[in-house]
Amino acid sequence: MKTTTFKLLAKLNKILLPSFTKKQLDISSASKLQLAIIGWRAFVTINSLK
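Treat the numbers as computed from the prediction; the structure is a model and nothing was measured.

K.L.:
Whenever I open this one, the packing of aromatic side chains confuses me. Can you help?
P.N.:
Any aromatic ring pair is given by two values, namely how distant the centres are and how the planes are angled relative to each other. Taken as a whole, this structure holds 2 aromatic pairs when the rule is applied. Pairing Phe6 with Phe43 gives two aromatic rings, centres 5.7 Å apart and planes at 80°, and the pair type is edge-to-face. With Phe6 in helix α1 (residues 2-16) and Phe43 in helix α2 (residues 32-49), this residue pair connects regions lying 37 residues apart in the sequence. We classify Phe6 as buried; its relative accessible area is 12%. On the numbers, 5.9 Å between centres and 35° between planes, the contact of Trp40 with Phe43 is tilted.

K.L.:
Can you help me understand a nonpolar patch on the surface in this one?
P.N.:
A cluster of nonpolar side chains, contributed by Leu8, Leu12, Ile15 and Leu16, occupies part of the molecular surface with about 440 Å² of accessible area. Structurally, Leu8 is set in helix α1. Since its relative accessible area comes to 52%, Leu8 is described here as exposed.

K.L.:
How do you make sense of the side chain of Asn47 when you look at a structure like this?
P.N.:
In this fold, Asn47 is placed in helix α2. With residues near it in sequence (within four places) discarded, Asn47 still touches Lys2 and Phe6.

Parameters at a glance
- Within each chain, residues carry numbers counting from 1 in the order of the written sequence.
- The model is predicted, so local features are restricted to residues of pLDDT at least 70 and side-chain atom pairs to those at 80 or more, both for listing and for counting; the totals for chains, interfaces and linings are taken over all residues.
- Heavy atoms from the whole structure form the basis of all side-chain values; hydrogens and water molecules are not counted.
- Between 30 and 60 degrees the pair is tilted, below 30 it is stacked and above 60 it is edge-to-face, where a pair is any two Phe, Tyr or Trp rings, Trp via its six-membered ring, whose centres lie within 6.5 Å.
- Helix and strand assignments come from DSSP, with helices taken as H or I runs of at least 4 residues and strands as E runs of at least 2, each series counted from the N terminus.
- Remark: exposure states derive from per-residue accessible area (1.4 Å probe, protein chains only) relative to the maximum for the residue type, with buried under 20%, exposed over 50%, and partly exposed in between.
- What makes a patch is a set of residues exposed beyond 30% relative accessible area and free of salt bridges, joined within 9 Å when like-charged and within 5 Å when nonpolar (Val, Leu, Ile, Met, Phe, Trp, Tyr).
- For every accessible area listed, the method is Shrake-Rupley and the probe measures 1.4 Å; residues are considered covered only by the protein chains on display.
- What counts as a salt bridge is simple: a side-chain nitrogen of Lys or Arg found within 4 Å of a carboxyl oxygen of Asp or Glu.
- Working rule for contacts: check all heavy atoms of both residues, and any pair within 4.5 Å makes them a contact.

Just geometry here; none of it tells us what the structure is for.
See below:
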């Protein structure tokens, strides 16, 4: 159940949230909102792979 929830969230993240790697964003110059989005996407991705 937990894995399927995170897999659904990962698909929604891919659709709704911007991809900063495609924009070649430098993490050292990222704003706090951008860092929060990067952290959220990483958290969801890690949990969907468990």
